[in-house]
Amino acid sequence: MAETESSISDPPKPDETPKEETPSTTTTTDSLSFNIWPPTNRTRDAVVRRLVETLTTDTVLSKRYGSVATDEAEISARSIEQEAFDAAHSEHASRFGSGSGSGSSSVEDGIEILQVYSKEVSRRMLEFAKSRAEKAVPTPAPVEAASE
(Lines give C-alpha, C1' and ligand atoms only; values in the text may rest on other atoms or scores of the structure.)
Protein backbone atom coordinates (compact mmCIF):
# COMPACT_ATOMS: atom_id res chain seq x y z
CA MET A 1 0.00 0.00 0.00
CA ALA A 2 2.87 2.37 0.72
CA GLU A 3 4.11 1.77 -2.80
CA THR A 4 0.74 2.90 -4.24
CA GLU A 5 0.65 6.03 -2.10
CA SER A 6 4.10 7.14 -3.20
CA SER A 7 3.26 6.69 -6.89
CA ILE A 8 0.10 8.80 -6.52
CA SER A 9 1.80 11.69 -4.75
CA ASP A 10 4.93 11.76 -6.94
CA PRO A 11 4.49 13.35 -10.35
CA PRO A 12 5.23 10.97 -13.21
CA LYS A 13 8.54 11.29 -14.98
CA PRO A 14 8.36 12.60 -18.56
CA ASP A 15 8.91 9.15 -20.03
CA GLU A 16 6.24 7.66 -17.72
CA THR A 17 3.39 10.02 -18.68
CA PRO A 18 0.37 7.94 -19.67
CA LYS A 19 -0.68 8.32 -23.30
CA GLU A 20 -4.16 9.66 -22.51
CA GLU A 21 -2.67 12.62 -20.61
CA THR A 22 -0.39 13.66 -23.47
CA PRO A 23 -2.03 16.35 -25.62
CA SER A 24 -2.22 15.62 -29.31
CA THR A 25 0.32 17.59 -31.29
CA THR A 26 -0.98 16.69 -34.71
CA THR A 27 -3.99 18.43 -36.19
CA THR A 28 -5.25 18.26 -39.69
CA THR A 29 -6.45 21.31 -41.53
CA ASP A 30 -9.42 19.29 -42.77
CA SER A 31 -10.86 19.06 -39.26
CA LEU A 32 -9.96 22.65 -38.30
CA SER A 33 -12.42 25.20 -39.54
CA PHE A 34 -13.22 28.78 -38.65
CA ASN A 35 -14.98 31.66 -40.34
CA ILE A 36 -14.03 35.30 -40.23
CA TRP A 37 -17.47 36.35 -41.48
CA PRO A 38 -20.05 36.63 -40.07
CA PRO A 39 -18.83 37.73 -36.65
CA THR A 40 -20.23 35.93 -33.63
CA ASN A 41 -22.84 37.59 -31.43
CA ARG A 42 -20.16 37.90 -28.77
CA THR A 43 -17.98 39.89 -31.18
CA ARG A 44 -20.90 42.06 -32.26
CA ASP A 45 -21.74 42.78 -28.61
CA ALA A 46 -18.11 43.75 -28.01
CA VAL A 47 -18.34 46.20 -30.92
CA VAL A 48 -21.45 47.75 -29.37
CA ARG A 49 -19.75 48.05 -25.97
CA ARG A 50 -16.75 49.72 -27.58
CA LEU A 51 -19.00 52.16 -29.45
CA VAL A 52 -20.76 53.07 -26.21
CA GLU A 53 -17.40 53.60 -24.53
CA THR A 54 -16.19 55.79 -27.40
CA LEU A 55 -19.34 57.90 -27.41
CA THR A 56 -19.61 58.37 -23.63
CA THR A 57 -16.04 58.74 -22.40
CA ASP A 58 -13.34 61.33 -22.94
CA THR A 59 -12.14 60.49 -26.47
CA VAL A 60 -10.99 62.52 -29.46
CA LEU A 61 -14.46 62.06 -30.94
CA SER A 62 -16.30 63.24 -27.82
CA LYS A 63 -13.95 66.20 -27.39
CA ARG A 64 -14.70 67.35 -30.92
CA TYR A 65 -18.42 66.55 -31.18
CA GLY A 66 -19.50 66.21 -27.56
CA SER A 67 -20.13 63.18 -25.42
CA VAL A 68 -23.39 61.26 -25.40
CA ALA A 69 -25.47 60.13 -22.44
CA THR A 70 -25.06 56.42 -21.77
CA ASP A 71 -28.71 55.54 -22.49
CA GLU A 72 -28.65 57.34 -25.83
CA ALA A 73 -25.23 55.89 -26.66
CA GLU A 74 -26.40 52.32 -26.03
CA ILE A 75 -29.41 52.70 -28.31
CA SER A 76 -27.40 54.47 -31.00
CA ALA A 77 -24.49 52.03 -30.79
CA ARG A 78 -26.82 49.06 -31.26
CA SER A 79 -28.36 50.77 -34.28
CA ILE A 80 -24.97 51.74 -35.75
CA GLU A 81 -23.67 48.19 -35.39
CA GLN A 82 -26.81 46.63 -36.88
CA GLU A 83 -26.78 48.98 -39.88
CA ALA A 84 -23.07 48.32 -40.45
CA PHE A 85 -23.64 44.57 -40.19
CA ASP A 86 -26.52 44.73 -42.66
CA ALA A 87 -24.43 46.75 -45.12
CA ALA A 88 -21.52 44.33 -44.87
CA HIS A 89 -23.85 41.33 -45.12
CA SER A 90 -25.36 42.80 -48.31
CA GLU A 91 -21.86 43.35 -49.68
CA HIS A 92 -21.01 39.73 -48.83
CA ALA A 93 -24.13 38.46 -50.57
CA SER A 94 -23.47 40.56 -53.69
CA ARG A 95 -19.86 39.36 -53.92
CA PHE A 96 -20.27 35.72 -53.01
CA GLY A 97 -23.97 35.01 -53.45
CA SER A 98 -26.48 34.23 -50.75
CA GLY A 99 -26.32 30.49 -51.43
CA SER A 100 -22.77 30.18 -50.10
CA GLY A 101 -23.94 29.67 -46.52
CA SER A 102 -22.98 31.86 -43.60
CA GLY A 103 -19.23 31.48 -44.09
CA SER A 104 -17.07 33.12 -46.71
CA SER A 105 -15.52 31.13 -49.49
CA SER A 106 -12.04 31.82 -48.07
CA VAL A 107 -10.37 33.50 -45.13
CA GLU A 108 -9.24 36.33 -47.41
CA ASP A 109 -12.83 36.95 -48.52
CA GLY A 110 -13.94 36.98 -44.89
CA ILE A 111 -11.24 39.52 -44.02
CA GLU A 112 -12.38 41.77 -46.88
CA ILE A 113 -15.99 41.71 -45.67
CA LEU A 114 -14.87 42.24 -42.07
CA GLN A 115 -13.02 45.36 -43.27
CA VAL A 116 -16.23 46.57 -44.93
CA TYR A 117 -18.04 46.02 -41.62
CA SER A 118 -15.36 47.89 -39.67
CA LYS A 119 -15.40 50.85 -42.07
CA GLU A 120 -19.19 50.98 -41.95
CA VAL A 121 -19.15 51.03 -38.13
CA SER A 122 -16.60 53.86 -38.12
CA ARG A 123 -18.38 55.87 -40.82
CA ARG A 124 -21.77 55.56 -39.15
CA MET A 125 -20.38 56.45 -35.73
CA LEU A 126 -18.79 59.59 -37.15
CA GLU A 127 -22.00 60.52 -39.00
CA PHE A 128 -23.96 60.06 -35.76
CA ALA A 129 -21.55 62.24 -33.77
CA LYS A 130 -21.54 64.97 -36.42
CA SER A 131 -25.32 65.03 -36.81
CA ARG A 132 -25.78 65.17 -33.06
CA ALA A 133 -23.30 68.05 -32.77
CA GLU A 134 -25.06 69.97 -35.56
CA LYS A 135 -28.37 69.63 -33.73
CA ALA A 136 -26.82 70.82 -30.48
CA VAL A 137 -25.27 73.99 -31.93
CA PRO A 138 -27.83 76.75 -31.72
CA THR A 139 -28.25 78.76 -34.87
CA PRO A 140 -27.57 82.44 -34.28
CA ALA A 141 -30.54 84.75 -34.47
CA PRO A 142 -30.58 86.97 -37.56
CA VAL A 143 -29.22 90.40 -36.89
CA GLU A 144 -31.71 93.08 -37.74
CA ALA A 145 -30.50 96.32 -39.16
CA ALA A 146 -30.79 99.07 -36.63
CA SER A 147 -33.13 101.79 -37.78
CA GLU A 148 -32.13 105.30 -36.98
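Notes on the structure in this doc start here.

What counts, and at which threshold
- Residues numbered from 1 in each chain as written.
- Predicted model: local features only at pLDDT ≥ 70, side-chain atom pairs only at ≥ 80, totals over all residues.
- Heavy atoms only, no water.
- Core = buried A, V, L, I, M, F, W, Y, C linked by side-chain atoms within 4.5 Å.
- Buried < 20%, exposed > 50% of the residue type's maximum accessible area, 1.4 Å probe, protein only.
- Helix = DSSP H or I, 4+ residues; strand = E, 2+ residues; numbered from the N terminus.
- Contact = heavy atoms within 4.5 Å.
- Expected span 1.5 Å × (residues − 1).

1. Some thoughts on the nonpolar core
Ranked by internal contacts, the top residues of the largest apolar core, which has 22 residues, are W37, L51, L55, L61, A88, Y117 and M125. Mapped onto this core, the elements with two or more residues apiece are α2 (41-56), α3 (60-65), α4 (70-96) and α5 (107-136). Per-element tally for this core: the top contributor is α5, with 8 residues. Apart from residues lying up to four places away in sequence, L51 is in contact with A77, I80, E81, V121 and M125.

2. Let's talk about α5
Look at α5: 43 Å from first C-alpha to last across 30 residues, which is about the 44 Å you get at 1.5 Å a residue. Residues D109, G110, I113, V116, Y117, E120, V121, R124, M125, F128, A129 and A133 constitute the buried set of α5. Contacts from the buried residues of α5 go to α2, α3 and α4.

3. Some details on α4
Think of an α-helix as 3.6 residues a turn; residues three or four steps apart then line up on the same face. Taking 1.5 Å of rise per residue, the 27 residues of α4 would be expected to cover 39 Å, and the 38 Å separating its terminal C-alpha atoms lies within 8% of that figure. Residues A73, S76, A77, I80, E81, A84, F85, A88 and H92 constitute the buried set of α4. Downstream of α4 by a residue or two, G97 has a phi angle that is positive, lying close to 80°.

Take it as geometry only, folks, not as evidence of what the structure does.
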